[in-house]
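A look at the structure
Residue strings, one per chain:
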Amino acid sequence: MTQYTPSSSEPGQRPPSFWNSSHGIASWLFTLDHKRIGVMYLAFVWAAFMLGGVFALLVRTELLTAGKTIVDPDTYNQLFTLHGAVMVFLVIIPSIPASLGNIILPIQLGAKDVAFPRVNLASFYIYVIGALIALYSIFSGAVDTGWTFYTPYSTTSNSSVSTMVLAAFILGFSSIFTGLNFIATVHRLRAPGMTFFRMPLFVWALYATSVIQILATPVLGITLLLLIAERVLHVGIFDPALGGDPVLFQHFFWFYSHPAVYIMIVPGFGVISDLISTFSRKAIFGYRAIALSSIGIAIVGFLVWGHHMFTSGQSELAGMIFSGLTFLIAIPTAIKVLNWIATLYKGSIVLRTPMWYTLGFLWLFTIGGLTGMYLATMSLDLHLHDTYFVVAHFHYVMMGGTMFAFIGGLHYWWPKFTGKMYSEKLGNWACALAFIGFNLTFGSQFFLGVAGMPRRYYNYLPQFEPLHQVSTIGSYILGLGFFLTLVCLLRSLKSGADAGDNPWEATTLEWKTSSPPPLENFMGQPTVDRGPYDRATGGGH
Amino acid sequence: MIQPNTTEVAFGLPAQASTLAGAYDTLFLSLTALVTFCFVLIMGAGAYFVYRYRWRGGEHNVVEISHNTALEVAWSVIPLFVVMGLFVWGFKNYMDQLIPPKDALEVRVTGKKWKWTFEYPNGAQSADEMAVPINKPVKLIITSNDVLHSFFVPSFRMKMDAVPNKYTVMWFQPVLEGSQQVFCAEYCGTDHSKMYAQIKVLQPDAYQKWLDAHAPVNDSDPIAHGKSLFEIKGGCNACHAVKSAAEQPQPVIGPRLYQVFGRKEKIQGQGEITVDDNYLRESIENPMAKIVEGFAPAMPPFKGRFTDKELGHLIDYLKSLK
């Protein structure tokens, strides 16, 4: 616990919350408050999540039968491309850092705001502009390349590849700005006494993520610019017809997009670390190991991109190095999971909605991680590459991992930044439906992949139909679960009970201020004299 | 495109149809045993802790354990050895799967939207299906005419990308007589999911018969030569039907070429033209120049792929479609 005494202890003299500190549309559009920017990000991320979810359900519905079900092949190809592009660039990458991170990170550090509030607002508007351009590309001849934009398909496709690529390029800057801000905030704005090893693990995770964001995203930007240069100016870089090399694009693309996988999942690790400690009512097991393993993953994650290319004809030596390094990444990842499980030991486990999401995360992410071992094994990848096994694997990590952590974290911090408590019953139902639906949707896809079902197929052979139908039915249950989640949270804004400042008996700094927090987070400057999950008696309230 | 006739439900690994499929499956199943063991151990511990230490109301009784160095070193180092073992095993199998024996039969494979074509050392050619002799190593030299494709044979546990302007190599030694399914595994557009082929694994005499039946068509008969170029070298029938709509409803990705010569076509933004020799040649070499109304500009240019003589024979074949 931390030392923090409000300058006035009388409830009647509390300052207005950040929701009420100023009024009118302009006070939101031009706000520099990290919490308001985070809330706006949250609204946009959810809107994009629903859009990407509708694309996913259309894809799954088309796959209900082996032949044509609802759309023609070109529309199907656009749908899965848009699903991937929207979910990766508009949902998963900004989800935890830009929404929850923006709202919570400065408060966890005891800061009034992020280091560069104007850059933070700029990041949001760049995100909105990127999102609008991505939407525009849907209406200007929807892109059909897959979210990976592999050349030379993407340089010769007649769909609006340039527009979508431009959107991804712009969205990259939003990501860089957020990363830059978090790094500066962590280095400069920690409360007195908040040493690096007293920072909550959510902050550590966001810090590691930010480092990857500012180092890797420019490479994506350059790659996408080269792609546009080739499409518009016909400069030969990737297209063999112009003298380029299509495999070069894969190297460039994965040099960003593999670290990007960690941009997506590492913030989830941070959320889970905070949640598992709070809902076990004890300090996390192996704090330093978890904190440093995030940094380890961030570094080694830069050196494994070639494992996406074991069948591309790259040299066997290169493949060997990439495979070896990929296996190394399994170690820090395993350490985290084992630390979380060990934290449960001799705890006092309170099974509320955020904890159910945490347990769901552990199940799904462990499956996602362990199935990654098959793909890292070069020999096994030769059969499994580009099949549904890969699709199932990355959904278990990206959706079962990141999205479950995101939604768990959202339930956890919801009472903090809205001041309202959601319905526990509805929250539990939504979580259960999402978990069951998820396992049906993607569990079946492992078996499809092993049997040889290639990905991105509009038609498929009749022997694959039964498992595809299990997957499609699962996806409807999953969709219902996420829809209920939204209902549960939004309903609490109207009818939710007042949450109180610390409904979860949590120890980190954000729970020491009021719910919702005032404009500059704290009245007076909090100081810190112990670790983030330290429950020893003596300090604090 | 050949529609495969399998009807059973696909669930686990496909049949082992090559010499190396068995080694693949041993590694796959060993890893599955290991992964299942780890998963049950981790989830079992987690589920037990959640049940055993669940809060039952009242005071929270916890025992704070900040870390345990011995335990943490153990669960870092032991997995490290396990994954390094896996890495070595996987790499060894990978090299076996990738490096072909020196005496292998070489077949050239070309991927194009949306068709696989094959060319044998003796000149035999085929599209959508290839034949190989049983128990003999076969080396495929793979390339692409347009975008990336990937030659995927699940029953051989192998796939290799087809990259334009470059050769990649894949090999196998079939042990199971019969037809093996080939998929395209790298997304390549509209009919990616119909880019199938079959590998017919045959006894030596049947294989020889197949080769004879697929001997190259020489250029002394322009129409027969043109038909062969149309179906194999060009792979044009992946998108263009050559009979009446009643006889051949699919494909309709490109204009139907039945009775094409002398037909009047509406060209996007250019009005009506009559199909003649020059229009056909231009549409083969530079298809974007004139797009028929109602079709997407989807055809890759074939400039440089055919000699003048071949172009003449292709056009002769198209004229014969009446």
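Residues numbered from 1 in each chain as written. Chains lettered and ligands numbered in written order. Predicted model: local features only at pLDDT ≥ 70, side-chain atom pairs only at ≥ 80, totals over all residues.

**Remarks on the nonpolar core**
Across soluble globular proteins, you tend to see nonpolar side chains buried next to one another. Spelled out, the test is: Nonpolar cores are built from buried Ala, Val, Leu, Ile, Met, Phe, Trp, Tyr and Cys residues. These are joined into a set through C-beta atoms within 7 Å. Buried residues are those with 20 or more other C-beta atoms within 10 Å of their own C-beta, exposed residues have 12 or fewer, and partly exposed residues lie in between; C-beta atoms are placed from the backbone. Secondary structure counts use DSSP, requiring at least four H or I residues in a row for a helix and at least two E residues in a row for a strand, with both numbered from the N terminus. Source of the domain bounds: an automatic or database domain assignment. Contact definition: two residues whose C-beta atoms, as placed from backbone geometry, lie within 7 Å.
Counting 244 residues, the largest nonpolar core has Val86(A), Val165(A), Val203(A), Phe151(B) and Val182(B) as its most contacted members. The dominant element in this core, judged by the number of residues it contributes, is helix 3 (residues 73-109) of chain A, at 21 residues. If you count residues domain by domain, this core takes at least three from each of domain 1 (105-213) and domain 2 (222-319) of chain B. Leaving out residues up to four positions away in the same chain, Val165(A) has contacts with Phe149(A), Leu224(A), Leu227(A) and Ile228(A).

**Remarks on the sheet that holds strand 6 (residues 149-153) of chain B**
Residue and element names in this part refer to chain B. Using the following cut-off: A strand pair is defined by DSSP finding two or more bridges across the two strands. Orientation is described by lines fitted to C-alpha atoms, with helices fitted over the stretch in contact, and by angles between N-to-C directions that extend from 0 to 180 degrees.
Here we have five strands laid out as an open sheet, ordered 4-10-9-6-7, and mixed in their pairing. Edge strands, defined here as strands with exactly one partner in the open sheet, are strand 4 (129-133) and strand 7 (158-162). Each adjacent strand pair in this sheet contributes to an overall mean axis angle of 25°, direction not counted. Sheet topology note: the strand 6/strand 7 ladder contains five bridges and is antiparallel. The residue bridging His 149 from the neighbouring strand is Ala 162, located in strand 7.

**Description of the pairing of strand 8 (residues 168-172) of chain B**
Residue and element names in this part refer to chain B. Within strand 8, four of the five residues are buried, which leaves it mostly tucked inside the rest of the structure. In this sheet, strand 8 lies alongside strand 5 (residues 138-144) in antiparallel orientation, the contact comprising five bridges. Counted as the bridge partner of Leu 140 is Met 170 from strand 8.

**Quick word on the domain arrangement of chain B**
All names here are of chain B. For the record, the criterion: For this scheme, ten residues count as nonpolar: Ala, Val, Leu, Ile, Met, Phe, Trp, Tyr, Cys and Pro. Four count as charged, namely Asp, Glu, Lys and Arg, and the remainder, Gly too, count as polar.
What the domain assignment lists for chain B is domain 1 (105-213) and domain 2 (222-319). Just the C-alpha atoms count here: the centres of domain 1 and domain 2 sit 26 Å apart. Contacts between the two partners involve eleven residues from domain 1, matched on the other side by seven residues from domain 2. Counting residues per element, the side of domain 1 that touches domain 2 draws most heavily on strand 3 (residues 125-127), which supplies three residues. Looking at the side of domain 1 that touches domain 2, its residues break down into two nonpolar, four polar and five charged.

**Observations regarding the confidence of the model for chain A**
Counted only if it meets this: Here pLDDT means the predictor's own confidence in every residue, given as a number from 0 to 100.
Scored by pLDDT, chain A comes out at a mean of 92, with 97% of its residues at no less than 70. Low pLDDT, under 50, characterises residues 6-10 of chain A; the stretch is placed with six contacts to residues that sit more than four places away or in other chains.

**Considering the sheet that holds strand 2 (residues 115-119) of chain B**
Residue and element names in this part refer to chain B. With mixed pairing, five strands are arranged side by side in an open sheet as 3-2-1-5-8. Of all strands in the sheet, those with a lone pairing partner are strand 3 and strand 8, marking the two edges. On average, adjacent strands in this sheet sit at an angle of 25° to one another, irrespective of strand direction.

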